[in-house]
Amino acid sequence: MKLLNQDEAKRISAKVMALTKADECRVSISGSRKGNVRYARNSVSTAGLVEDTQLSVSVAFGKRQGTAQINEFDDKSLEKAVRRAEEVARLAPENPEFMPAVGKQEFRATPTYNKNADAFSPEYRAEMAFQSIDAARKKGLVAAGFFSDSTGFECIANSNGVFGYQELASLNFTVTTRTEDGRGSGWVNRAAYDPKSFDARAASEIAIEKALRSVEAKALEPGRYTVVLEPSASSDMLNFMFGAFDARQADEGRSFLAKKGGGNRLGDRLFDEKVNVWADPWDANAPVLPWEQQSMMARRKTDLIKNGQVASLDYDRYWAQKSGKPASADHGNIIMAGGSKSTEQLIAETRKGILVTRTWYIRMVDPQSVLLTGLTRDGTFYIENGKIRHPIKNFRFNESPVVMLNNIDELGKPMLIGDANSRFRMMIPAMRVRDFNFTSLSDAV
Amino acid sequence: MERRTFLKVGAAAGGTLLVPVFGNAIAAEELMNPMAVQFKKSLADAAMNAATKAGASYCDVRIGRYLNQFITTRDVNVENIVNTESSGVGVRVLANGAYGFVATNVMTPDAVADAARQAVAIARANARLQSEPVQLAPVKGVGEVAWATPFTKDWRTVPVKEKAEMLIAANKAGLAAGATFMTSMLFQVNQQKYFASTDGSYIDQDVHRLWSPFTATAVDKASGKFRTRDGLSSPAGMGYEFFDAQPRHKVRAAGGVTTLYHGAYDIVEDAKAAGRQAREKLTAKSVEPGKYDLVLSPEHLFLTIHESVGHATELDRVLGYEANYAGTSFATLDKWQSKKFKYGSDIVNFVADRTTPGSLGAVGYDDEGVPGKRWDIIKNGVLVNYQATRDQAHIIGEKESHGCSFADSWSSVQFQRMPNVSLAAGANKLTPDELVKDVKKGIYILGRGSYSIDQQRYNFQFGGQLFYEIKDGKITQQLGDVAYQANTQEFWNACTAMCDERDWRMGGSFFDGKGQPSQISAVSHGSSTTRFNGINVINTARKIA
């Protein structure tokens, strides 16, 4: 079905809410048109377009709640969904942690849609793939990449008068270029809201240069090194850490933010004072919806780390009420302050160190210390006296982002990270970090 | 690669469906009443006719109805029950030698015909970038056939109350035994999949899977220390009878350190053990790093198999189709062509299969209409084959596909996904207790822990749930802070002994991620308890400010 405009989404929401006799009703509708082109071995491997629209209806009788979800929108289906949700709610026991629907919220629009998104078409995607493949072919390299675009809308409404509707559009691009003999590999990652600000050929040239420079990698002994982490190289590690900024987990003693003897570490200085991190749905570079879908609460600008101190923890509505704290909507983005220097400038000011383009397969080893393991990939280089001297073999690391953010030498210019698997939209600076712990070598190129 | 899809599913679902319920969220009679086969056939024909008219040389249509129920509990509360239902049609075509794919949730003949025409337009737009046309291995049309996961108890008919009560009982057992917190979940999946292609197949399949993971957390507030022990269950491709564990389904771990399960699962019993063991972990001896002989239980080893053999022998990775994301593979074509590449020691034999009952990867047909089958991957330690789809079979000189093409939804395009890849049991009679007897300095590892491997599947690091010191043939005490690192080829060549078929059982990954856009897949890996000599063990204890 075609994407619903605001009036259509509002009409359907109202219709659904009018169908129920429950004490309260929450509705969310989301629709998207997602296009992609995937290529490898310098040819397109798959290309697709997916259209889907979903409706979720949740009703409550007192503290009994039920929900149903469908992806059909005729009158009969809408009624079916409501009756199904009501049936479930009547069977449900009272939930001791039930929170009634939130009251009317003010949602100040965020710039998640760009009208240039009309450009997305099979021909446009094919052209992006062509530019990337063509650039690689000209250098005798093999490209494997993925371009995806998405346009759509999100709508939320409840019987207390909450209503929000907003359109979204964005694109993500990654490409890995490899030498034909498999000895060199480079990668680049780009995200944007406006297709006019994206240049597939220019982005691909970065991966190409890294691939050409990364052949004949030398082995360095594992150990602690100063590293220059490109923005994409640290984003996964930070994702794990910010996923643990939950007040309940900390209060209950099961996160790195739990305090010995009880309580949490809100206000403690756990990081280098250069570290400043916040969430802001209106950020022009990384806008996200002005509401959190689950609670239907309005998002607001929130400091997470201020001058190295834990500035806030996430309180869901139940835990906030129990703790006597204000509830917070889930953050949609993470923005970390940086400086004005490029990655090249950070390298130029490094006496001895390692440049990391990308990190890979990061997993939690110990939540007590947020110890993570993972590997470097697609462009790891040795830096000496401000210059990249030679490529080096990839490393496995065992390191905690808490330790990493304590060992910061300098921060570079923040950049938007494109990662469909991330919980957050992220703006992260390049960073130079001391004593990063590499524990073994990998032969993988 | 086991991605964070587990969390993603929880987060995405939590966005819309955080509800505690004690009924059937979708009326059972509706669930049991799938779309009429004739309706699906007419939709598929509409799409195939439109695609052919628009110039497609091949077209397949997948009509799906996907039902999931996820139940989450925390201590004695049901936190949420998520019911999702999604239906739609995915149309894949070949035109001018290139693929095009379009999916729509509008299930009318006009909408699917339009989707088919758009898919042809996409294929044409990309054809100019093809270095060579897609070449499909032949598949004989099977006409109108059906296949269903064998089960005796349909999860859709089991009252939600009964399921939630089972999880709460597990949580209570864990708390009583020493856990400070318990969380448990039940994931249930039913995929009603209809496949049709211009080869003349109309295949109706009904696939069922379930998994019930839990975590017991023990907290020592005075020291600020906490430790967890996850459940030792394996996800299964079967019905709710999975939870009717009888004594014959229970397996005594080496040294009797805990109870393990085969064919059915007692979550309450396992949770009780977990509560006690999580508490014990708070004071477990921190491991001395160094070389150890590792004795790995199947509930642990499956994930090492998955990462170091399952993914490494996917032909799309070997060829470079995953180079941008999941990576390539060290198991390159030249190694396979040499017919003497020693992937492992002589006793290492790996078989791929789509047929083992109760496994997550068991299906009648893949998403290209290829019947499920079984074949060798590693024979007496030598790499002998890969996993292939229709468009890859010719590259390894095969005349037919291995049946490894899957999509996780009607809205996802099918691509190469691994079958069950399992390590054959040892040929000689050997029990886990007998295996441990010969180990002088070793560690017995059970359960899945942290896991990470590089993009060509050389360097890996694995943790676990339970670690027991083995000293002079005896299991002595729990160890903490254990992870092992190895290189895949060195690791499998260090395999020196394995228990016989009496100890063989499957572990599994419910949310295995791969591809762009990322898709999930469910797959099982079997083995018996197996020994690896001289593996590097690191100590993972760290202090932060």
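These numbers were taken from a predicted model, which means no experiment stands behind them. (Residues numbered from 1 in each chain as written. Chains lettered and ligands numbered in written order. Predicted model: local features only at pLDDT ≥ 70, side-chain atom pairs only at ≥ 80, totals over all residues. Heavy atoms only, no water.)

Participant: Just checking my understanding: could you explain the interface of chain A and chain B for this structure?
Facilitator: Listed as interface residues are 104 residues of chain A and, on the opposing side, 92 residues of chain B. Interface of chain A and chain B: buried area, both sides summed, is about 8300 Å²; carbon and sulfur atoms make up 49% of it. Residue Glu-127 of chain A is joined to Arg-128 of chain B by a salt bridge in which the shortest nitrogen-to-oxygen separation is 2.9 Å. Summed over the shared surface of chain A and chain B, the number is 40 residue pairs in polar contact (both at pLDDT 80 or more). As paired elements, strand E2 (residues 43-61) of chain A and strand E3 (residues 98-104) of chain B share four bridges and run parallel to each other. The residue bridging Val-50 of chain A from the neighbouring strand is Ala-103 of chain B, located in E3 of chain B. (Contact = heavy atoms within 4.5 Å. Buried area = accessible area lost by both parts, 1.4 Å probe. Salt bridge = Lys/Arg side-chain N within 4 Å of Asp/Glu carboxyl O. Polar contact = N/O pair within 3.5 Å; in protein donor to acceptor, adjacent residues only side chain to side chain. Pairing = 2+ DSSP bridges. Helix = DSSP H or I, 4+ residues; strand = E, 2+ residues; numbered from the N terminus.)

Participant: Whenever I open this one, the UniProt feature "domain: Metalloprotease TldD/E C-terminal" (unreviewed entry) in chain B confuses me. Can you help?
Facilitator: When the UniProt feature table is mapped to this numbering, "domain: Metalloprotease TldD/E C-terminal" (unreviewed entry) covers residues 289-537 of chain B. With 14% helix and 36% strand, residues 289-537 of chain B has its two end C-alpha atoms placed 5 Å apart. (UniProt positions renumbered as here; feature names shortened; annotations may be inferred.)

Participant: What should I look at first to understand the UniProt feature "domain: Metalloprotease TldD/E central" (unreviewed entry) in chain A in this one?
Facilitator: Annotation from UniProt places "domain: Metalloprotease TldD/E central" (unreviewed entry) at residues 120-214 of chain A. Here residues 120-214 of chain A runs as 33% helix and 45% strand, with 34 Å between its end C-alpha atoms.

Participant: For this particular structure, what's the right way to read the UniProt feature "domain: Metalloprotease TldD/E N-terminal" (unreviewed entry) in chain A?
Facilitator: The UniProt feature table records "domain: Metalloprotease TldD/E N-terminal" (unreviewed entry) at residues 26-89 of chain A. In the segment residues 26-89 of chain A, helix accounts for 23% and strand for 64%; the C-alpha atoms at its two ends are 13 Å apart.

Participant: Is there a simple way to think about the UniProt feature "domain: Metalloprotease TldD/E N-terminal" (unreviewed entry) in chain B in this case?
Facilitator: Mapped onto this numbering, the UniProt entry gives "domain: Metalloprotease TldD/E N-terminal" (unreviewed entry) at residues 59-123 of chain B. Note that residues 59-123 of chain B is 23% helix and 65% strand, and that its end C-alpha atoms are spaced 12 Å apart.

Participant: Explanation requested: the nonpolar core in the structure shown.
Facilitator: What tends to happen in soluble globular proteins is that the nonpolar side chains get buried as a cluster. Ranked by internal contacts, the top residues of the largest apolar core, which has 64 residues, are Phe-242, Phe-245, Phe-256, Phe-271, Met-336, Leu-405 and Met-431 of chain A. Summarising the domain contributions, this core has at least three residues from each of domain 1 (6-211) and domain 2 (216-445) of chain A. Discounting chain neighbours no more than four positions away, the residues touching Met-336 of chain A are Leu-238, Val-275, Asn-276, Val-277, Leu-405, Ile-408, Leu-411, Pro-414, Met-427, Ile-428, Pro-429 and Met-431 of chain A. Formed by 57 residues, the second largest nonpolar core is a distinct cluster that contains Ala-117 of chain A together with Ala-46, Ile-63 and Tyr-202 of chain B. (Core = buried A, V, L, I, M, F, W, Y, C linked by side-chain atoms within 4.5 Å. Buried < 20%, exposed > 50% of the residue type's maximum accessible area, 1.4 Å probe, protein only. Domains from an automatic or database assignment.)

Participant: Any chance you could explain unusual backbone geometry here in plain terms?
Facilitator: Excluding glycine, most residues fall at negative phi; most peptide bonds, likewise, are trans. Omega for the peptide link from Gln-516 of chain B to Pro-517 of chain B comes to -5°, which places this bond in the cis form. Checked against the element boundaries, Pro-517 of chain B lands in the loop between strand E26 (505-514) and strand E27 (519-527). The phi dihedral of Val-370 of chain A falls on the positive side, at around 50°, and the residue is not glycine. Positive phi is not limited to glycine here, since Asp-472 of chain B has a value of about 50°. Along the chain, the position of Asp-472 of chain B falls in the loop between strand E22 (466-471) and strand E23 (474-480).

Participant: For this particular structure, what's the right way to read the domain arrangement of chain A?
Facilitator: Residue and element names in this part refer to chain A. Partitioning chain A into structural domains gives domain 1 (6-211) and domain 2 (216-445). On a C-alpha basis, the centres of domain 1 and domain 2 stand 25 Å from each other. With 42 residues of domain 1 at the contact, the number on the domain 2 side is 33 residues. The junction of domain 1 with domain 2 conceals about 3300 Å² of combined surface from both sides, 58% of it contributed by carbon and sulfur atoms. Ranking the residues of domain 1 by area buried against domain 2 places Trp-187, Tyr-193 and Lys-210 at the top, with a combined share of 19%. At the boundary of domain 1 with domain 2, the tally comes to two salt bridges. Glu-230 is the salt-bridge partner of Lys-210, the closest N and O atoms lying 2.3 Å from each other. At the junction of domain 1 with domain 2, the criterion picks out 13 residue pairs in polar contact (both at pLDDT 80 or more). No other element matches strand E5 (residues 163-179), which puts eight residues into the side of domain 1 that touches domain 2. Looking at side-chain class alone, the side of domain 1 that touches domain 2 contains 18 nonpolar, 15 polar and nine charged residues. (Nonpolar A, V, L, I, M, F, W, Y, C, P; charged D, E, K, R; others polar.)

Participant: When you look at the environment of Ser-295 of chain A in this model, what are you seeing that I'm missing?
Facilitator: All names here are of chain A. With respect to the secondary-structure elements, Ser-295 resides in the loop between strand E8 (277-279) and strand E9 (302-306). In this structure the C-alpha to C-alpha distance between Ser-295 and Cys-155, which are 140 residues apart in sequence, comes to 13 Å. If near-sequence neighbours (up to four positions away) are discounted, Ser-295 is found in contact with Val-102 and Arg-317. Within polar-contact distance, the side chain of Ser-295 engages the backbone nitrogen of Met-297 at 3.1 Å.

Participant: Would you take a moment to explain the environment of Val-16 of chain A for this structure?
Facilitator: Along the chain, Val-16 of chain A falls in helix H1 (residues 6-18). We classify Val-16 of chain A as buried; its relative accessible area is 0%.

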